[in-house]
Amino acid sequence: MTGRTLPVLDMAPAAARAPDAAGPSDARVTEFVTDDQVLPRFHVWTLGCQMNHSDSEEMAGALLAAGCSEAPDMASAGLIVINSCAIREQAEQKVIGRMGVLARMKSADPGLRVVLTGCSVRADGLVDLRRRYPAVDLFLRPDQEPELVARHGLDSVTAVGRAAPTGADELQPVGRLMAATADRLPGTRAAAVETGAVARRSSSHAWLPIIYGCDKTCTYCIVPYSRGPERSRPFDDVVAEARALADSGVRDVTLLGQNVNSYGHDLPAEARFAAVQPRRHLGRDLSLEGRPDMAELLRAVDAIRDADGRPRIPRLRFVTSHPWDLSERLIAAMAECPSVCEHLHLPVQAGDDTLLRRMGRQYTVGAYLELVGRLRAAIPGIALTTDVIVGFCGETEEQFEHTLELLRTVRFDGVFAAAFSPRPGTPAARLADDVPSGTKRERLNRLLALQEGIGLERNQAWVGRRTEVLVDEVRPPRSHDHDPGETPRPRVAGRDRRNRLVHLDGDPGLVGRLVEVEIDHAGPYALTGRLVSGAGDGR
Ligand code: SAM
Ligand code: SF4
């Protein structure tokens, strides 16, 4: 139960509101009394991608900096923040399915406040949001998340988390819809980092956002509408954040964005980047000269070294990479920087040129395979993972077979596959969603079965070999591993540089350590091994 009723402040200037935005100010604002505060306990429920998890760390950090404490679950929270995913209808239904419970919780505790943010909240369609999410008090678009604290009157406690209201000038058309420009996010991130208002969930691994939004043309995808056009964070801000992470002992950093490979194209040209003359070899041409690019950024973070010349962040990753922007410069930086992990997630989406064209992906199967060849030549043993959509509009059996063929050819280490889900407002929503759901399901199962076999074979090749694991979690002991009455052996798990999940016997003291593990068992999705040394500390 909460001690007081939080206001939900309507900060947008009247002229700046979207036409269907909130009506008169919320009467509950009058209930707000600045003194006599009992700060709410909050709980953030995060769905979807790594960017959402990173955004949630920032929201939780702002609430903690404002003096609130974190509740372990929704039932004990006075402020519930739902960071939603809208990539597929199924993800939205997960949240819609909680509306009844949340409404009952609110009747029992009228002070409870529910905020919905993330990709389900877009500039257009507030009326529809109210209908789909009736238990929600406040909707914040992803670019409005920095307003979370101020919109609840909590920034009176501390200036941290204060953010100016967003206005209509921050909206711009993307296709037929309006989307926020995300212009403020690089600045609000820098302020959050500077004030320590990022509640990181791990002390050994960190997400580091480098670019917000997406400029791509994928016809099925809602992200450009929910997160707006691409906005890169200033180069020096990213490097400074990486240096601070190194100082705090973080060993594994993932540079984040919907499209990290196009990092920097929107930043001003500077003399110090005069040597950057990249050429795109897929899709539309774009002037990128004299601006920092992803390759420069990898090299700059890799150059944060200790006195012995070793990278202070021994593992550097980046996600997600659109094949369109994967330059030769970037492949060279991956190969030459010792901290950059030997893994790339490179979404292909389909293995058929007609489908790829209809999806607006701007490359052909042949061009994708060429890229894979260049990556494997430059970085021997690199692990490749991908995303695939099955049952996209008009997908024939033969076209689907081409996707299976691509999987057999590339032999990915992992595939994230899902059935196509039409997203209202996207170009593909105007095409016929004509692959029956039973066929989508059946194709998805065939694809997953094929990949399971490939994944198993690839993992089995590691049995008897050693790999370096960053232990990051304690696992429950396995009941079949010990006799009744015997004390179960403690178990831990972590990832190797190729991003494979590795289980091993070991005590919780290993968490946060880089250890050498000899693999003795392989499954399609994970490896099991035994600790051979705790000394691994680099490649
Ligand atoms: N930016 C990345 C890229 O280059 O493709 C992907 C980011 S997207 C948030 C994650 C994945 O969701 C996509 O790769 C795609 O496979 C999947 N996805 C996006 N829209 C979808 C839809 N309407 N139906 C099914 N899957 C979808
Ligand atoms: Fe969506 Fe395509 Fe942008 Fe990825 S690149 S976020 S799939 S629009």
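What counts, and at which threshold
- Residues numbered from 1 in each chain as written.
- Chains lettered and ligands numbered in written order.
- Predicted model: local features only at pLDDT ≥ 70, side-chain atom pairs only at ≥ 80, totals over all residues.
- Heavy atoms only, no water.
- Near = heavy atom within 4 Å.
- Polar contact = N/O pair within 3.5 Å; in protein donor to acceptor, adjacent residues only side chain to side chain.
- Areas by Shrake-Rupley, 256 points an atom, 1.4 Å probe, with all protein chains shown as cover.
- Buried < 20%, exposed > 50% of the residue type's maximum accessible area, 1.4 Å probe, protein only.
- Helix = DSSP H or I, 4+ residues; strand = E, 2+ residues; numbered from the N terminus.
- Arc of directions from axis to C-beta.
- Contact = heavy atoms within 4.5 Å.
- Disulfide = S-S within 2.5 Å.
- Salt bridge = Lys/Arg side-chain N within 4 Å of Asp/Glu carboxyl O.
- Core = buried A, V, L, I, M, F, W, Y, C linked by side-chain atoms within 4.5 Å.
- Pairing = 2+ DSSP bridges.
- Axes fitted to C-alpha atoms, helices over the stretch in contact; angles between N-to-C directions.
- Nonpolar A, V, L, I, M, F, W, Y, C, P; charged D, E, K, R; others polar.
- 1 Å grid on protein atoms, 1.4 Å probe; cavity = no way out; pocket = protein on both sides within 12 Å on 5 of 7 lines; lining within 4 Å.
- Points joined across faces, edges and corners; volume = space filled by probe spheres on them.

Okay, the site of ligand 1 next. Near ligand 1 there are 16 residues, and of these Gln258, Gln349, Arg361, Asp387 and Ser421 occur at the shortest range. At a separation of 3.1 Å, a nitrogen atom of ligand 1 approaches a polar backbone atom of tyrosine 220. In this structure, an oxygen atom belonging to ligand 1 sits 3.0 Å away from a side-chain N or O atom of arginine 361. Computed on the free molecule, ligand 1 has an accessible area of 560 Å², of which 90% lies beneath the protein chains in the complex.

Once that is clear, we can look at helix 6 (residues 185–194). Within the span of helix 6, buried status applies to Leu185, Pro186, Thr188, Arg189 and Ala192. What you see down the axis of helix 6 is that its buried residues fit within an arc of 165 degrees, all on one side. Tucked inside the fold, the buried residues of helix 6 contact helix 1 (50–65), strand 8 (205–209), strand 9 (211–212), strand 10 (231–232) and helix 8 (235–247). Two residues or fewer past helix 6, glycine 196 is found with a positive phi of approximately 70 degrees.

Attention now goes to the state of the cysteines. Disulfide: a covalent bond formed between the sulfur atoms of two cysteine residues. Summed over the entire model, instances satisfying the criterion amount to zero disulfides. We note that cysteine 85 lacks a disulfide partner, and the nearest cysteine sulfur, in cysteine 49, lies 6.6 Å from it. Assessed through its relative accessible area of 13%, cysteine 85 is described here as buried.

Moving on, we get to the pattern of salt bridges. Under the counting rule described, the total for this entry stands at 47 salt bridges. Between arginine 132 and glutamate 92 there is a salt bridge, with its nearest N and O atoms 3.2 Å apart. Pair noted here: arginine 132 is in helix 4 (residues 126–132) and glutamate 92 is in helix 2 (residues 89–96), with a separation of 40 residues, a long-range link. For arginine 374, the salt bridge identified is with glutamate 328, shortest N-O distance 2.5 Å. Taken together, the residues arginine 374 in helix 12 (residues 365–378) and glutamate 328 in helix 10 (residues 328–336) connect sequence positions 46 residues apart. Looking at arginine 374, the relative accessible area reads 25%, which means it is partly exposed. On the basis of relative accessible area, glutamate 328 is assigned to the partly exposed category, the value being 40%. Several salt bridges share partner residues, and in doing so they unite Glu57, Glu58, Arg189, Arg200, Arg233 and Glu241 into one network.

Before going further, it helps to examine the nonpolar core. Counting residues in each nonpolar core, the largest one holds 73 residues, and the members touching the most others are Ile210, Leu255, Met294, Leu298, Phe318, Met334 and Leu375. Excluding anything up to four places from it in sequence, leucine 255 contacts Leu208, Ile210, Val260, Met294, Leu297, Leu298, Leu316, Arg317, Phe318 and Val319. Of all hydrophobic cores here, the second largest spans 24 residues; its members include Leu47, Met74, Leu126 and Leu129.

Read once around its circumference, the closed barrel built from five strands follows the order 16-17-18-20-19, with strand pairing classed as mixed. On average, adjacent strands in this sheet sit at an angle of 55 degrees to one another, irrespective of strand direction. As defined by bridge partners, strand 17 (residues 491–496) adjoins strand 18 (residues 501–505) across five bridges and the pair is classed as antiparallel. Opposite arginine 495, over in strand 18, you have leucine 501 as the bridge partner.

Take the site of ligand 2 next. The immediate surroundings of ligand 2 are formed by Cys214, Lys216, Cys218, Tyr220, Cys221, Val223, Pro224, Gln258, Asn259, His322 and Arg361. Looking at the shell around ligand 2 residue by residue, the classes come out as six nonpolar, three polar and two charged.

This next bit is on empty space enclosed by the protein. Going through the model one piece at a time under the given rule, you end up with two cavities of 30 Å³ or more. In this structure, the second largest cavity encloses a volume near 50 Å³. As for the second largest cavity, its lining consists of Pro142, Asp143, Ala180, Ala182, Leu185, Tyr212, Gly213, Ser226 and Arg227. In the lining of the second largest cavity, the residues fall into five nonpolar, two polar and two charged.

Turning next to unusual backbone geometry. Between valine 319 and threonine 320 the backbone carries a cis peptide bond, its omega angle lying at 5 degrees. The backbone of glutamine 349 shows a phi angle near 75 degrees, a positive value even though the residue is not glycine. Summarising the element assignment, glutamine 349 is placed in the loop between strand 13 (343–345) and helix 11 (353–359). Notably, asparagine 499 is not glycine yet its phi reads approximately 70 degrees, a positive angle. In this structure, asparagine 499 sits in the loop between strand 17 and strand 18. Judged by its relative accessible area of 29%, asparagine 499 falls in the partly exposed class.

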